[in-house]
Amino acid sequence: MSGFLVLILLSAIALGVYSQSVEQKYRTKVNQLRTEQQYAVQLEDSLNHMFFEARGYLAFRLESPFLNEYRKEQETIDQKIDDLDERITDSDQSAFIEDLRKYLIRYDSLLNQAMTFVENDSTSGLRSLSQGGGGSDLVYTMRDRMRELVRSIEDEIYSTEEELIERLSNIQFLFVVFVIFLLLIATIIAGIMARRIGKPLQELAVASSQVSSGESVEMPHVRREDELGELARAFNLMVSNIQQNERALITTNEALVKQSEELKGSKSELEQNVQEMNVQKLVLEHRNELNRSLASTLNKNELLQSIITNMIYILNSDKGLVVMMNQGRDYASLGIRQDKVHEWIDSMMDGPVVKVIDQKKHHIVRRTMTAGEGGYHDGVGHSSDLYLPILSDDSVVAILCITRIGKDFNNQELQQISGLSGQISLALDKLRLYETTENERMVNMEILNTIREGIQLVDREGTTRAINNQMCTMLDTCFPEGDQEKSYGEWSKKFLQQVDSKDRDAVQEYICNVIAGVKPKQSELIYQANGEASLFIQMYYEHIYNADKFIGSIFVHRDITREHQVDEMKNEFVSTVSHELRTPLSSVLGFTELMLSKELKPEKQKKYLNTIYKEAKRLTSLINDFLDIQRMEAGKQNYEKKPVNLQEIVEEVLDSYRINATKHSFFIEDLTDCYELIGDADKIKQVFNNFISNAVKYSPDGGSIVIRFYEKQGNLFVDIEDEGLGIPEDALSKLFTKFYRVDNSDRRQIGGTGLGLAISKEIVTAHGGGVTVTSALGKGSTFTLSFPLTTKKEMQPEKSDDEMDAAVLIVEDDDSLALLLMEEITENGWSVHHCRSGETAIKLLETMNPQGIVLDIMLDGRMNGWDVLKAAKEKEHTKDIPIFVSTVSEEKQRGFDLGASDYLIKPYPPKKLTKSLIKSLVNKTNNGKILVPDYSIEDTEEGS
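Chains are numbered independently. Their residues run from 1 in the order of the written sequence. The predicted nature of this model means local features are confined to residues of pLDDT at least 70 and side-chain atom pairs, given and counted, to a pLDDT of 80 or more, with totals for whole chains, interfaces and linings taken over all residues. Where side-chain values are given, they derive from all heavy atoms of the structure, hydrogens and water being excluded.

### Focus: the pattern of salt bridges
Definition in use: By convention in these notes, a salt bridge is any Lys or Arg side-chain nitrogen within 4 Å of a carboxyl oxygen on Asp or Glu. Note on exposure labels: buried denotes an accessible area under 20% of the residue type's maximum, exposed denotes more than 50%, and partly exposed covers the range between, all computed with a 1.4 Å probe on protein chains only. Per the convention used, a helix needs a DSSP run of H or I reaching at least four residues, while a strand needs a run of E reaching at least two, with both numbered from the N terminus.
As enumerated under the stated definition, the model contains 24 salt bridges in all. The residue Arg558 makes a salt bridge to Glu563 at a minimum N-O spacing of 2.3 Å. Using a relative accessible area of 36% as the deciding quantity, one classes Glu563 as partly exposed. A salt bridge links Glu846 to Lys875; the nearest nitrogen and oxygen atoms lie 3.6 Å apart. Here Glu846 is found in helix α24 (residues 838-847), whereas its partner Lys875 is found in the loop between α25 (865-874) and β21 (883-887), with 29 residues between them in sequence.

Structure below.
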């Protein structure tokens, strides 16, 4: 019996020892796994930090601090891998450690290649390495494998703890079952013995019941020598042992109950640990997400939203916002209404933000929670607002405000936040640098787009880095939007297709030399581009250096088509003018030499003089065309506008052509009775001379020339219609360009300078009108002139007999011109006095009072015409005398500053001077005016 009890006791002890050994084994395994987890998490953080430093170096290209930090982290990672490898027993995890070492070797190799591209400033190489080298995929693979390792260790810890709880529960259940089983066996044995022995046993049973009830009795039959005595003695001993065992069982049971309570506590602790691990897992996921955003996001709104969202989850907070301290106050928020966000931003400089900015460190405000934060809970609670400055170069660039409801922030969390703020600062600096660079790029692109020349920037390899809109428009060499960075082979193929085949090889050689950094034989190159319209392009270049290092080239393509056309027209014009000038000069010189060398009859002399006169007029007309176009371009052309009758001017012009152009018939169609307008009669006459002359010249076979007058919308229109050669359609737009002549063999035989139409259009435009043309090749042309009508009519004053006797003083150092003027003036009834110098003129004005003065500006002696003019205006008796300026100088503005209204430019017809004299002397209100009439010698004399 005692052996049985010893067996029970040994079994109980064995179960207890086994339970302790199982628990100790599992706790050792859990501690080992937690150590592995700690090393794995540290290794993951070190990897992320190493990747961050590597990307920082590639983004900012700064060896310090990014590359140095990368090397330090690389050494730390190698040490941590060795430590983790010593503790890992699982074969899969050991295989992962070997794979990780290989990944790191490969990543370091890729980084060394990237460093080579960075040193060579090859962005395309970096992009190619990133896309084709698998750098990003390798980083993401290592991150994913590290996360799998941490996750597998966490899962193993969880499963180990669950297995421990299950094993301990099973041991406890087994122990209870064992005790019950022993008690059941003991009861069965007692019953059998009672039935066999009978009454003695019954007595023993009574005694045992008494014993079981707690009574202390002496067992009967213990002194018997038979089996019952043995039984009684044994039973007595058993009772004693049972009582002892009962006490032992009670002690054991108490130990088991205590052990059960300990197991329940361990289970709760394990469950709490698992819950904390899940929370930590979520925090790690958000930290990884935050690190990814900080490293790769270049969109401001996305970056700010990622920062505030992940920071709230990392700190287990409820709401918050981040605000940039820039002018626009860019922000992102979570858990706050937009109106509250704007209200907070507007008033933040009146709150704790000021203290945070001044002290440049975090600040916590502990306050009573609002009704919205408390929700449906009763009572008063509190909330904590954490204000965290984001610093860059010791300046606050952003404020992070995070609210936690019902719980304060601890020191560990604040230290964690301090580390994260540094990463956020670097990310914001990177974003700001990117935005600055992008803005500068956009500004530079806008500047390039405002340049009228085509601009193309290429690097050392010939890859296009920038191209402006003018280049795209002018040469159609651009690719779809956003895809302009093309290699030399791609863009040159498209560009050279636009170049004329005869220039293509030279252009290609020029471009290749420039890209290679070799100076071409010619600094500039002109080529022809064949697009919708043929263009002539001047191309030149500039090499770009960075710290004496050749980094690329700029090609400039300048459209010189217009200049090329003008040069061609000028060359043709020079040839034409040479012919036009030499022909009349030959006639003048020939007839003059003939008259000087021979005695001729009066009839021949008159005939030769008439020829010389006509050729001189022709020369004068050419010279006047040059002077007119020069004055018009300089804005110095003046017009003496007065009421004129357009029909009378046209009739006067046609009279000369009816005599000389016998092949042509001239008709006037009057569809209106309004011909009066305000204009310069001489200039308008010049216009109709040009148009009617062209109608005659470009109708070499004769035909009808119709002048049609009609009125429309307050304007007088004049059509000049011929039946001549007509004008090609492609020449109509260039017809009024100076020096332009239609390129046609039929027209080359017809003389002209190409200035008449340009001058005519300018004159008509100056009168508020316009010129249009319609033409059919081979059928003729119609030029339509329009002038604004006027209803005012002014009569020209007639000369009075008194004024015909008025004296005129001529101050002129050219005796021949003075003689000619004297003859003309005296024929009109005036007496004339002539002097050569300014000094003589001043003396004459002291003794005479002329009715008018004809004054040359460039005189002999010390005084010029301006000095005489000034002296005359300073004297009382001469200040009211009209003065007519006669000079080759075109200083009209100076004359106008003195009150001038006319200007005579040499050479001019003498009759124009007499007309000006008549007009001035008849008009009594013009006393004292300096009259500078602008008549040119091109006007034909009456009766010629």
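### Topic: the packing of helix α19 (residues 681-697) against helix α21 (residues 756-766)
Helix packing for two helices is described by the angle between their axes and how far apart those axes are. Note the threshold: Here an angle of 0 to 180 degrees is reported between the N-to-C directions of two axes, which are lines fitted to C-alpha atoms, with helices fitted over the stretch in contact. Angle categories: roughly parallel below 35 degrees, roughly antiparallel above 145, roughly perpendicular from 65 to 115, and oblique for all the rest. Handedness of a crossing is defined here by the sense of rotation of the near helix relative to the far one, left-handed for an anticlockwise turn of less than a right angle and right-handed for a clockwise turn. Two residues qualify as a contact provided that any one of their heavy atoms is within 4.5 Å of a heavy atom in the partner residue. Ten residue types, Ala, Val, Leu, Ile, Met, Phe, Trp, Tyr, Cys and Pro, are classed as nonpolar, four, Asp, Glu, Lys and Arg, as charged, and the remainder, Gly among them, as polar.
Look at α19 against α21: their axes get within 9 Å of each other, and the N-to-C directions meet at 140 degrees. With respect to α21, the element α19 is oriented oblique. For the crossing formed where α19 meets α21, the hand is left-handed. Touching Lys683, Gln686, Val687, Asn690, Phe691 and Asn694 of α19 are Gly756, Leu757, Ile759, Ser760, Ile763 and Val764, all from α21. Across the contact of α19 with α21, the residue classes tally to six nonpolar, five polar and one charged.

### Focus on the environment of Leu654
On the secondary structure map, Leu654 appears in helix α18 (residues 646-660). Not counting residues up to four positions away in its chain, the partners in contact with Leu654 are Phe666, Ile668, Ile692 and Ile707.

### Some details on the confidence of the model for the chain
Note the cut-off: pLDDT is a per-residue confidence score from the predictor, ranging from 0 to 100.
A residue-level look at the chain finds 85% of positions with pLDDT of 70 or above and a mean pLDDT of 79. Of all the helices and strands in the chain, helix α22 (residues 801-804) carries the lowest mean pLDDT, 38, while strand β15 (residues 715-721) carries the highest, 93. With pLDDT under 50 throughout, residues 792-806 is counted as low confidence; its partners more than four residues away or in other chains account for 26 contacts.

### A word on the pairing of strand β16 (residues 770-776)
The line we're drawing: Strand pairing is defined by DSSP finding a minimum of two bridges between the two strands.
When β16 meets strand β17 (residues 780-788), the two strands line up antiparallel, connected through seven bridges. Each residue of the ladder has a partner; that of Val773, found in β17, is Phe783. Counting the residues that bridge the hairpin from β16 to β17 gives three residues, and of these Gly778 lies at a positive phi of roughly 85 degrees.

### Here we look at the packing of aromatic side chains
Put simply, the rule is: Centres within 6.5 Å are what make two rings of Phe, Tyr or Trp a pair, Trp counting through its six-membered ring; a difference in plane orientation under 30 degrees is then read as stacked, over 60 as edge-to-face, and the rest as tilted. Here, a charge over a ring means that NZ of Lys or CZ of Arg falls within 6 Å of the ring centre while also lying within 35 degrees of the ring normal.
In total, this model carries 12 aromatic pairs according to the counting rule given. Taking the centre distance of 5.5 Å and the plane angle of 90 degrees together, the rings of Tyr488 and Trp491 count as edge-to-face. You can see Tyr488 and its partner Trp491 sitting in helix α14 (residues 488-498), three residues apart, about one turn around the helix. Of the aromatic side chains, those joined through ring pairs into one cluster are Tyr488, Trp491, Phe495 and Tyr527. Cation over ring: Lys712 sits above Phe717, and NZ or CZ is 5.3 Å from the ring centre.

### A short note on the pairing of strand β18 (residues 807-811)
Of all five residues that make up β18, five are buried, and the element is covered over most of its length. Judged by which residues are buried, β18 turns out to be covered on both faces: Ala807, Leu809 and Val811 on one side and Val808 and Ile810 on the other are all buried. Judged from the five bridges that link them, β18 and strand β19 (residues 831-835) form a sheet pairing that is parallel. For Ala807, the partnering residue across the bridge sits in β19 and is Ser831. With four bridges joining them, β18 and strand β20 (residues 852-855) adopt parallel strand pairing. If you follow Val811 over to β20, its bridge partner there is Leu855.

### Description of the sheet that holds strand β1 (residues 319-324)
Strand order in the open sheet made by the five strands is β2-β1-β5-β4-β3, with antiparallel pairing throughout. Two strands lie at the open edges of the sheet, namely β2 (331-334) and β3 (363-368), each paired on one side alone. Sheet twist, expressed as the mean angle between neighbouring strand axes with direction ignored, is 10 degrees. One ladder, built from six bridges, connects β1 with strand β5 (residues 395-405); its direction is antiparallel. Bridged to Lys319 within β5 is Thr403. Packed on one face of the sheet, helix α9 (residues 338-347) meets β1, β2, β4 (382-392) and β5 and runs near 130 degrees to β2. Running over the sheet, helix α12 (residues 411-450) touches β1, β3, β4 and β5 and is turned about 45 degrees from β4.

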